[in-house]
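Chain and residue survey
Spelled out from the first residue to the last, the chains are:
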Amino acid sequence: MSFLPNDTLDTSSGHDDPLLEGLNPQQLTAVQSRAQALLIVAGAGSGKTSVLTRRIARLIRDRELWPSQILAITFTNKAAGEMRERVEQLVGRDAAQGMWISTFHSACVRILRREAEQFGFTRGFTIYDSADSRALIKRLVKDMQADTLGFTVSAVAGKISKLKNELIDVEGYSRQINANDPTEVMFLELFRRYTAELHRANAFDFDDLIAQTVYLFRAFPQVAALYQRRFRHLLVDEYQDTNHAQYALIRELTRPVEPAHVPADTRIETDASGGIPAAALTVVGDSDQSIYAFRGADIRNIVEFERDFPGAEVILLEQNYRSTQTILDAANAVIANNFDRIAKNLFTAVGSGEKIVGFTGYSQHDEAQFVADEIGTLHEAGTPYNQIAVFYRTNAQTRALEEIFIRSAIPYRVLGGTKFYERAEIKDMMAYLIAVANPADGLAMRRILNTPKRGIGPATETALANHADELGGTMIDALRDAPALGLGPKVTAAIVDLAAILDAASESLDTGLVPDILVGILEKTKYLELLRGSRDPQDEARAENVEELVAVTREFQKNNPEGRLIDFLTEVALVAAADDLDDSSGTVSLMTLHTAKGLEYDAVFITGVEENLLPHQMSATEPGGPAEERRLFYVGITRARQRLHLSLAMTRTTFGDTQVAAPSRYLQEIPAELIDWRDAPGMGTRTTGGGQRALGGSGTPKFGYSTSLPPGKPKKEWANTVTAKVRDNGDLTLEVGDRIRHADFGDGSVTSVTQNGAKSIAEVQFEKAGRKRLLVKISPIEKL
DNA sequence: AGCATAAATTTTTTT
DNA sequence: AATTTATGCT
């Protein structure tokens, strides 16, 4: 680093520079490196975000680059926001202006909006989320009767996505198929039509955003040169989870600019031939945390980095600043079982800390009860709820947890899963907004045609679609011209009315405020009014959701005074599960192990650590599946700072039938002395199951209870089953000292009562089951 | 169009 | 088991 032009103070500068303060030698090297290509192998919790932000801050502060010459790619929008904030803290808000810090998808949208006209789209294009794609594919499969050949919507969607991630387009695919295989020919036709429909709708799906940007750069070198010149330094986080298309995008952006594409008045330094040298590249990743192979992430991108970028510098960060040594020992022991990896061992100076707590419940409800009880104890001991997280492999596992959490009055929020924007009423209103912004979007138009009900049935829809084709225009043109179709007077009036609503809204497209556009549509369609007047009790909640959407647009407009409708739609399309995480919410966070990547909590619960769940059943047949599942478990473990809890159930009910579950193979990989196995309270002695004996040891008998468990049924014989029952106790009130009987926990006495009415929470000391907090109104209890 | 009933589908992970 | 979707009926 001594050849730094600005580094006149040399060695002593490291101690005075606030940007270098508190870094270990490896981190210091990573922040200061001037390598053209740099790979930072950052183990979990090794302070990589700190390194990345300081690296960026230093480039800006030392005037090596303008902020606008930096492109930093993160995995989620939330991570992007945090990184921007931290850089701003280091160099000041104004000095950081103009940086691009965003996800691959957001960056590509930004590029595509500018350049869409170059290749047959408009800047108002819409983004199809997975549900939109599936709806379109569903229609195509039906139209072509592809289901008779065994095609399912999800199989087609998966394969198309995979091809796009590999940068294989329709033409490329047609060259590699066997024309005699009717299945392949059919798929090709589906792929072709899907692509054509998207183009006709002026829309991109998620995978297109990346792939089309790459195609754009390859087809128009002068456009590519624009961005190659602009971005002089690329930084990519979570590099282990990039797929081929993203890799190709990085390669395009880090190509040197040929003299032909260098403007005469460039202020960027040119090389001997008059061209501009390639931009610098910094990537950060950890192959042990690669968990997205299923959606095309290619671990070779990181493994072969040094070959891809000759002369690359590689720096290893192994010191962990997050977790206790106990947690790291467990993580190291687990990941060591993946053989084809570069050896890496996390260590910390923090000390060993608490033991890992293990628990085996009888059912998923029993397991959930354990989690709830432990959270109660932790909270009483001073851990705030928002420093506690519960992880699981599949979204379906939230149900049992939620049931028990509600009963135990634990405040929680579920990240991901069924999202706000997936609700029908929200999709309806979003469809209106999309139809206004992009009249070519047939999917959105179809959705709103008869929503709310205005007597436009399938026959009328087809007539309108055909008329649009005749006119050579879009659906909105056909709507305006409805009188020419000679339909009934009532239907015609309804159609013209709808056209007027859309036309009125699109007038304020480039100037109007987003909430105004939405409210205007709501008033003219009477959508909210109809929900309000409905007899269906659920419609009240739907009306509230619609109002929530209005509030969301207001919030958006507040944060983006210049934001237009299209910007709002983009933001909504690209929000991820982890993005709407509000750290100040004061609630326990529930999420999948995938969503947990990049986050950290004082106390972590990993639930459902069972065979067929973690590793998941579906991964068994995938090559490399079990190894990826192990990395997933590793990611989960390394999220914990202080305390880690691993739990499982002996039986699990899925699809309505109950099956015996065996402990995950990964549990055996953790040294037995790190785990403190707990028994269910009120159980007395248990000879089999969940104990250290059953899991530790050296012999072959792997799992004590898997053989002794009566196959199939008698749940009732177990002393401490927790049922999913919910009861309405009306306005039952309890006082301290009252004796009660609980359906699962037996008899106990009330030790305290907090809050009144429906939110009344009683703390009860049970004779056998210990102390529990209960939401009085819905707990299965009776007063004695 | 609206309603009741039957059938199918859900659960791997996500930008 | 629960929820969404298809079908048939008035």
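Residues numbered from 1 in each chain as written. Chains lettered and ligands numbered in written order. Predicted model: local features only at pLDDT ≥ 70, side-chain atom pairs only at ≥ 80, totals over all residues. Heavy atoms only, no water.

**A word on the overall build of chain A**
The condition that has to hold: Comment: elements are numbered from the N terminus, with helices defined as DSSP H or I runs of at least four residues and strands as E runs of at least two. Accessibility here uses a 1.4 Å probe with only protein chains present; expressed as a share of the type maximum, an area under 20% marks a residue as buried, one over 50% as exposed, and anything in between as partly exposed. Whether two residues touch is decided by their heavy atoms; if any such pair falls within 4.5 Å, the residues are in contact. Note on areas: these come from Shrake-Rupley sampling with a 1.4 Å probe, and a residue is covered only by the protein chains present in the view.
The helix and strand inventory of chain A stands at 30 helices and 22 strands. Taking all 784 residues of chain A together, the buried fraction comes to 52%. Looking at chain A alone, contacts between residues at least 24 apart form 72% of all its contacts between residues at least 6 apart. Just so you have it, chain A exposes about 35,900 Å², and 50% of that area is on carbon and sulfur atoms.

**Considering the packing of aromatic side chains**
What counts here: The rule is short: rings of Phe, Tyr and Trp, with Trp giving its six-membered ring, pair when the centres are within 6.5 Å, and they are stacked under 30 degrees, edge-to-face over 60, tilted in between. In this scheme, the term charge over a ring applies when either NZ of a lysine or CZ of an arginine sits within 6 Å of the ring centre and within 35 degrees of the ring normal.
Tallied over the entire structure, the rule returns 20 aromatic pairs. Between Phe119 and Phe204, the ring centres sit 6.4 Å apart and the planes meet at 40°, which makes this aromatic pair tilted. You can see Phe119 sitting in the loop between α5 (104–115) and β4 (126–128) and its partner Phe204 sitting in strand β5 (residues 203–205), a full 85 residues away along the chain. Residue classification places Phe204 among the buried residues on the basis of a relative accessible area of 0%. When the ring of Phe125 is compared with that of Phe204, the centres are 4.6 Å apart and the planes differ by 85°; the resulting orientation is edge-to-face. Residue Phe125 is located in the loop between α5 and β4, and its partner Phe204 is located in strand β5; the two are separated by 79 residues in the primary sequence. Here Phe125 matches Phe204 in class, with each residue buried. One residue, Lys159, lies across the ring of Phe187, its end atom 4.6 Å from the ring centre.

**Observations regarding the sheet that holds strand β2 (residues 70–74)**
Stated precisely, the cut-off is as follows: Note on pairing: two strands pair once DSSP finds at least 2 bridges between them. Note on geometry: axes are C-alpha line fits, over the in-contact stretch for helices, and angles between N-to-C directions span 0 to 180 degrees.
Taken together, the 6 strands give an open sheet; going across it, the order is β3-β2-β6-β7-β1-β8, and neighbouring strands pair in parallel fashion. Of all strands in the sheet, those with a lone pairing partner are β3 (100–103) and β8 (313–317), marking the two edges. Each neighbouring strand pair of the sheet contributes to a mean axis angle of 15°, computed without reference to strand direction. Here β2 runs beside strand β6 (residues 233–236); their pairing, made up of 4 bridges, is parallel. Along β6, the bridge assignment pairs Ile70 with His233. Sheet contacts for helix α3 (residues 48–61): β1 (37–42), β2, β6, β7 (280–285) and β8; angle to β6, the most-contacted strand, approximately 170°.

**Things to note about the nonpolar core**
The criterion, for reference: In these notes, a set of buried Ala, Val, Leu, Ile, Met, Phe, Trp, Tyr and Cys residues joined through side-chain atoms within 4.5 Å is what counts as a nonpolar core.
The biggest cluster of nonpolar side chains holds 47 residues, and the ones touching the most others in it are Met429, Leu433, Leu479, Leu502, Leu565 and Phe568. Per element, the largest residue contribution to this core is 10 residues, and it comes from helix α18 (residues 424–437). Formed by 46 residues, the second largest nonpolar core is a distinct cluster that contains Cys108, Leu209, Ala211 and Tyr239.

**Observations regarding helix α12 (residues 244–253)**
Each turn of an α-helix holds 3.6 residues, which means side chains three or four residues apart point in the same direction. Inclusion rule: Here a polar contact is taken to be a pair of N or O atoms separated by no more than 3.5 Å, where protein atoms must pair a possible hydrogen donor with a possible acceptor and residues adjacent in sequence count only if both atoms sit in side chains.
Taken across its 10 residues, α12 has 8 buried, putting it largely inside the fold. Residue Asn243 occupies the N-cap position of α12, its side-chain oxygen lying 3.1 Å from the main-chain nitrogen of Ala245.

**Notes on the UniProt feature "binding site: ATP" (unreviewed entry) in chain A**
For clarity, the cut-off: UniProt positions are given in the numbering used here, feature names are shortened, and annotations may be inferred rather than shown by experiment.
The UniProt record annotates "binding site: ATP" (unreviewed entry) at Ala42, Gly43, Ala44, Gly45, Ser46, Gly47, Lys48 and Thr49. Of note, Ser46 is situated in the loop between β1 and α3. A residue is classified by how much of its surface remains accessible, and Ser46, at 1% relative accessible area, is buried. Sequence-distant contacts of Ser46, defined by excluding residues within four places in its chain, comprise Gln27, Leu317, Gln319, Asn320 and Tyr321. Along the chain, the position of Gly47 falls in the loop between β1 and α3.

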